[in-house]
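Listed here are the chains, written in short residue letters.
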Amino acid sequence: MASILRFRKLCYVEPVKFQFFQPQNFDKKEETVATKAKTSLENNEKRNKRQPKERSCVNSCCCVIGYMCTTWWLLLVLYHCLPAAFPGFQVPESPGTRLKREGLRALHPVVLVPGIVTGGLELWEGKPCAEGLFRKRLWGGSFTEVLKRPLCLLEHLALHNETGLDPPGIRLRAVSGLVAADYFAPGYFVWAVLIENLAKIGYEGKNMHMAAYDWRLSFQNTEIRDQTLSRLKSQIELMYVTNGYKKVVVVPHSMGVIYFLHFLKWVETPPPMGGGGGPGWCAKHIKSIMNIGPVFLGVPKAVSNLFSAEAKDMASIRAMDPGVLDSEILRLQALEHVMRVTRTWDSIASLLPKGGETVWGNLDWSPEEGYACDLSKKRYLQASAGDKDTNGSDVKMDFHVKESNKYGRIISFGKETLQLPSSQLPSVDTKEFLGTRTNRNTNSSCGGEVWTEYDEMCRETIRKIAENKPYTARTALDLLRFVAPKMMQRVDSHLSYGIADNLDDPKYTRYKHWSNPLETKLPDAPDIEIYCSYGVGIPTERSYVYKLSPNDRCKSIPFRIDSSVDGDEDSCLSGGVHLTDGDETVPVISAGFMCAKGWRGRTRFNPSGIATFIREYRHKPPASLLEGRGLESGAHVDIMGNFALIEDVLRVAAGATGAEIGGDRVHSDIFRMSDRINLRL
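Residues numbered from 1 in each chain as written. Predicted model: local features only at pLDDT ≥ 70, side-chain atom pairs only at ≥ 80, totals over all residues. Heavy atoms only, no water.

(A) Focus on the sheet that holds strand 14 (residues 529-536). Reading across the sheet, the six strands line up as 7-1-8-9-14-19 and stay open at both edges, with parallel pairing between neighbours. Edge positions in the sheet fall to strand 7 (208-210) and strand 19 (611-618), since each of these pairs with one other strand and no more. Within the sheet, the average angular offset between the axes of one strand and its neighbour, ignoring direction, is 15°. Lying over the sheet, helix 8 (residues 228-242) contacts strand 1 (110-113), strand 7 and strand 8 (248-252), oriented at roughly 160° with respect to strand 1. Its contacts with the sheet place helix 22 (residues 588-598) against strand 14 and strand 19, and it is angled at close to 155° to strand 14. (Pairing = 2+ DSSP bridges. Helix = DSSP H or I, 4+ residues; strand = E, 2+ residues; numbered from the N terminus. Axes fitted to C-alpha atoms, helices over the stretch in contact; angles between N-to-C directions. Contact = heavy atoms within 4.5 Å.)

(B) Layout of helix 22. Within helix 22, eleven of the eleven residues are buried, which leaves it mostly tucked inside the rest of the structure. Taken together, the buried positions of helix 22 are occupied by Val 588, Ile 589, Ser 590, Ala 591, Gly 592, Phe 593, Met 594, Cys 595, Ala 596, Lys 597 and Gly 598. (Buried < 20%, exposed > 50% of the residue type's maximum accessible area, 1.4 Å probe, protein only.)

(C) Representation of unusual backbone geometry in the model. Look at the link from Pro 271 to Pro 272: it is a cis peptide, with omega at 10°. Locating Pro 272 in the fold gives a position in the loop between helix 9 (255-268) and helix 10 (281-285). Backbone geometry places Val 117, a non-glycine residue, at a positive phi of 75°. On the basis of relative accessibility, which here comes to 29%, the residue Val 117 falls in the partly exposed class. For Glu 584, which is not glycine, the phi dihedral falls at a positive 85°. Its location among the elements puts Glu 584 in the loop between strand 18 (577-582) and helix 22.

(D) The arrangement of the state of the cysteines in detail. In this structure the tally under the stated criterion is two disulfides. Note on cysteine connectivity: Cys 129 is disulfide-linked to Cys 152, with sulfurs 2.1 Å apart. As the torsion about the S-S bond is roughly 80°, the Cys 129-Cys 152 disulfide counts as right-handed. A residue pair is termed long-range when its members are at least 10 positions apart, and Cys 129 in the loop between strand 2 (121-125) and strand 3 (137-139) and Cys 152 in helix 5 (residues 150-157) qualify at 23 residues. Here Cys 532 pairs with Cys 595 through a disulfide, and the sulfurs are 2.1 Å apart. (Disulfide = S-S within 2.5 Å.)

(E) Expanded view of the side chain of Thr 540. Residue position: Thr 540 is located in strand 15 (residues 538-548). Engagement of the side chain of Thr 540 in a polar contact is seen with the backbone nitrogen of Glu 584, the distance being 2.8 Å. Contacts of Thr 540, omitting those with residues within four sequence positions, involve His 578, Leu 579, Thr 580, Asp 581, Gly 582, Asp 583, Glu 584, Thr 585, Val 586 and Pro 587. (Polar contact = N/O pair within 3.5 Å; in protein donor to acceptor, adjacent residues only side chain to side chain.)

(F) The arrangement of the pairing of strand 15 in detail. Taken across its eleven residues, strand 15 has eight buried, putting it largely inside the fold. Where strand 12 (residues 411-413) meets strand 15, three bridges bridge the pair, whose relative direction is parallel. Looking at strand 15, one finds that Ile 411 is bridged to Tyr 544. Summarising the sheet, strand 15 and strand 18 pair through six bridges and their orientation is antiparallel. Among the inter-strand pairings, Pro 539 is bridged to a residue of strand 18, identified as Asp 581.

(G) Molecular detail of the packing of helix 6 (residues 192-200) against helix 23 (residues 643-653). Across the interface, helix 6 lies against helix 23 with an axial gap of 10 Å and an inter-helix angle of 45°. Between helix 6 and helix 23, the interaxial angle falls into the category oblique. Helix 6 and helix 23 meet at a crossing whose hand is right-handed. In contact with Val 193, Leu 194, Asn 197 and Leu 198 of helix 6, helix 23 contributes Ile 646, Val 649 and Leu 650. (Parallel < 35°, antiparallel > 145°, perpendicular 65-115°, else oblique. Left-handed = near helix turned anticlockwise from the far one by under 90°.)

(H) Spotlight on the nonpolar core. Grouped together as the largest cluster of nonpolar side chains are 166 residues, with contacts concentrated most on Trp 191, Phe 260, Phe 307 and Val 483. Among the elements that take part in this core, helix 9 stands out by supplying ten residues, more than any other. Once residues lying within four places of it in the same chain are set aside, the contact partners of Phe 260 are Val 113, Leu 232, Ile 236, Val 250, Pro 252, Ile 286 and Ile 289. (Core = buried A, V, L, I, M, F, W, Y, C linked by side-chain atoms within 4.5 Å.)

(I) Expanded view of helix 21 (residues 485-492). For helix 21, the full list of buried residues reads Met 487, Met 488, Arg 490 and Val 491. Buried residues of helix 21, viewed axially, fall in a sector of 160°; they line one side. Those residues of helix 21 that are buried are in contact with helix 11 (301-308), helix 15 (346-349) and helix 20 (473-483). (Arc of directions from axis to C-beta.)

(J) Molecular detail of the pattern of salt bridges. Under the defined criterion, the tally for this structure stands at 31 salt bridges. The salt bridge partner of Arg 98 is Glu 102, with a shortest N-O separation of 3.5 Å. Take Arg 98: its relative accessible area is 24%, and that puts it in the partly exposed class. The salt bridge involving Glu 237 is made with Lys 233; its shortest N-O contact spans 3.0 Å. Of the two residues, Glu 237 and Lys 233 both sit in helix 8, four residues apart, roughly one turn of that helix. The partly exposed category is assigned to Glu 237, whose relative accessible area is 25%. (Salt bridge = Lys/Arg side-chain N within 4 Å of Asp/Glu carboxyl O.)

Next comes the structure, spelled out in structure tokens:
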């Protein structure tokens, strides 16, 4: 690889001509040859001065990619060459093998529900640029073919901006079967480890099913276009009958959790809006729902994704090498392309925070108040008289007064906006922006194919948005409705983010409320058990500090995370991002609140008293490279290979109850956080 890069670098320099070394006619041509050599050197020098940035950026990119690929393949070869029992390292016995030896056998059918991004999509109809890719994966798999034509890939991944369905002439469909989401890419497992362990105790195609769906669509649109919900209903009924009338264990992951929550309401709703299964369908067919990495209340990362097409990792890359994403010479405009595509996906919007300021906090308060990012220590503000430690955590907590992190300010423009009390901050009223919005930039002379709704806003309005204003979970939604009105108009017809005052109000029978656990009831099925299983102990994005982009050119994103902003010692502010406890993607409050409080016991959200259990898995990084992504990982996707989690799934699938596998298993402060949320139950 290094030799190839050196050869490529030599191509920038013209070969030197050695004609003047020839003995014949030396005197006559000496002056001419010297002049040509001098001219050639001057031309090379001018070219070097004219294109230093392009060469530097291209070389840097090639070097980084070359080193990464070389390192990856060397590690892969080393891993496969080493003996199974390498001295000093022995791979632990898999849960499936151990439990099979203990006599555990397959009992209940299992349905796996993948989350966002991890499921494969294949091409059934496309544009001329996708010639030769019929029924090949455009998403998931090796990506070998599609990476040769990235703009073609983006064009096919985008949905219609008004309908949220297929654009004309393009049809991408979800890959079916267990292969739909076993691996995201070669060597990068998602469901593969869990599937393998289930197979060890007797599971196979007849009693295990992957409920694949097009994760880009809104949940109801998966039924409208593909009848995915109807197919899932029929599959569960078939597995129930063909497996001795044993109820099904459902294992959703990430966004699949709220997708299946939508299904629970859809399946018992009369047609044409619902599946017509009737009030007792869930009680008859479902034993347990084991939610992995649940996003019940959304993730703040979805706000930054839709607002500026970035998150902490992307902001860090921009800070290290701004030329990669912002190069005027290369015109990559990578984030603009990403924004144009992802804003057509209703799935991203389904992950926006739910519950508003009641759950996520306001300008002065948040449920994580006092949290310290050093996970070996837990520091909280002085507890009020009503605070109780009921979580059973094994973490020793130390209480003392300290300045709290303003987690409730999900978006803040400038570090000073974080520090000022709310009384000194300008009020946020997005209605005042409506009069200043204009389409005058739409027909501007800006070149290039990439454009976003930001180009329909005048620069004065953009600056006004960022005038030392903080945005909470409630006002951030208003902000998105202002900067992306076309997207949010479509989204608001499919999704809702509030808290129901009266769940018996007929308006909550509409499907837009079914994926929001704060606006819908669980089914009348008291024998079902619901698990919230997720990782903890990893700093997770919670709120962001933004600034105006220094790049004022047309067809660009005017806002970006201010990665230069860091907090003081013991602060959770790093690189312009406030961090809290979670699984690196989902904060604890979103993953665990419904099982800790919202559905615990008989509540208005859980009228039949379905039993809920919290199963937390403390993150432990891999001890060596030979452990891969870790056998005790708590990361959002890597947890799918966590042996403790896999054992829990296998035991429940084999007939165990939540009490029999140990009940609640809590390491975080989810109960204390939940107690601080004043929600009528």
